[in-house]
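Below are the chains, spelled out letter by letter.
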Amino acid sequence: MFDQDDVVRKPTLVPTEKGVEDVNIGTIDKPKVVRLSKTLSPESKAKYVKLLSKFSDVFVWDYSDL
């Protein structure tokens, strides 16, 4: 499964357009859209949204953030 450098030989988890959904962790006026897998449980999705919302300031959302 892994090579000698601990790199996955054949990655199998590839997100597809059909398998993800857009989630706004910002506001209506300043949206911050992330994409989460549709296969996440509601509990996992809530945890990701909470985590990403808490640390949303570390991501670049538009060119003015650079």
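Just so you know, these numbers come straight off a predicted model, no measurement behind them.

Caption draft 1: Spatial organisation of the nonpolar core. Listed in full, the five residues of the largest apolar core are Val 23, Ile 25, Val 34, Leu 36 and Leu 52. If sequence neighbours within four positions are ignored, Val 23 has contacts with Lys 32, Val 33, Val 34, Leu 36, Lys 45 and Val 49.

Caption draft 2: Just a nonpolar patch on the surface, in detail. On the surface, Leu 51, Phe 55, Val 58 and Phe 59 cluster together into a nonpolar patch covering about 380 Å² of accessible area. Within the secondary structure layout, Val 58 lies in the segment after helix H1 (42–54). Overall, Val 58 belongs to the exposed group, its relative accessible area being 58%.

Caption draft 3: Region of the structure containing the pattern of salt bridges. Tallying each qualifying case throughout the model produces two salt bridges. The salt bridge involving Glu 21 is made with Lys 45; its shortest N-O contact spans 3.2 Å. Taken together, the residues Glu 21 in strand S1 (residues 20–24) and Lys 45 in helix H1 connect sequence positions 24 residues apart. Since its relative accessible area comes to 25%, Glu 21 is described here as partly exposed. The exposure class of Lys 45 is partly exposed, given its relative accessible area of 26%.

Caption draft 4: Here's a closer look at the packing of aromatic side chains. Throughout the structure, instances matching the rule amount to one aromatic pair. Between the aromatic rings of Phe 59 and Trp 61, the centroid separation amounts to 5.9 Å while the plane-to-plane angle is 65°, which identifies the pairing as edge-to-face. Judged by relative accessible area, which is 38%, Phe 59 ranks as partly exposed. Given a relative accessible area of 26%, Trp 61 falls into the partly exposed group.

Reading the values: rules and limits
Residues numbered from 1 in each chain as written. Predicted model: local features only at pLDDT ≥ 70, side-chain atom pairs only at ≥ 80, totals over all residues. Heavy atoms only, no water. Core = buried A, V, L, I, M, F, W, Y, C linked by side-chain atoms within 4.5 Å. Buried < 20%, exposed > 50% of the residue type's maximum accessible area, 1.4 Å probe, protein only. Contact = heavy atoms within 4.5 Å. Patch = residues over 30% accessible without salt bridge, like charges linked within 9 Å, V, L, I, M, F, W, Y side chains within 5 Å. Areas by Shrake-Rupley, 256 points an atom, 1.4 Å probe, with all protein chains shown as cover. Salt bridge = Lys/Arg side-chain N within 4 Å of Asp/Glu carboxyl O. Helix = DSSP H or I, 4+ residues; strand = E, 2+ residues; numbered from the N terminus. Phe/Tyr/Trp six-rings, centres within 6.5 Å; stacked < 30°, edge-to-face > 60°.

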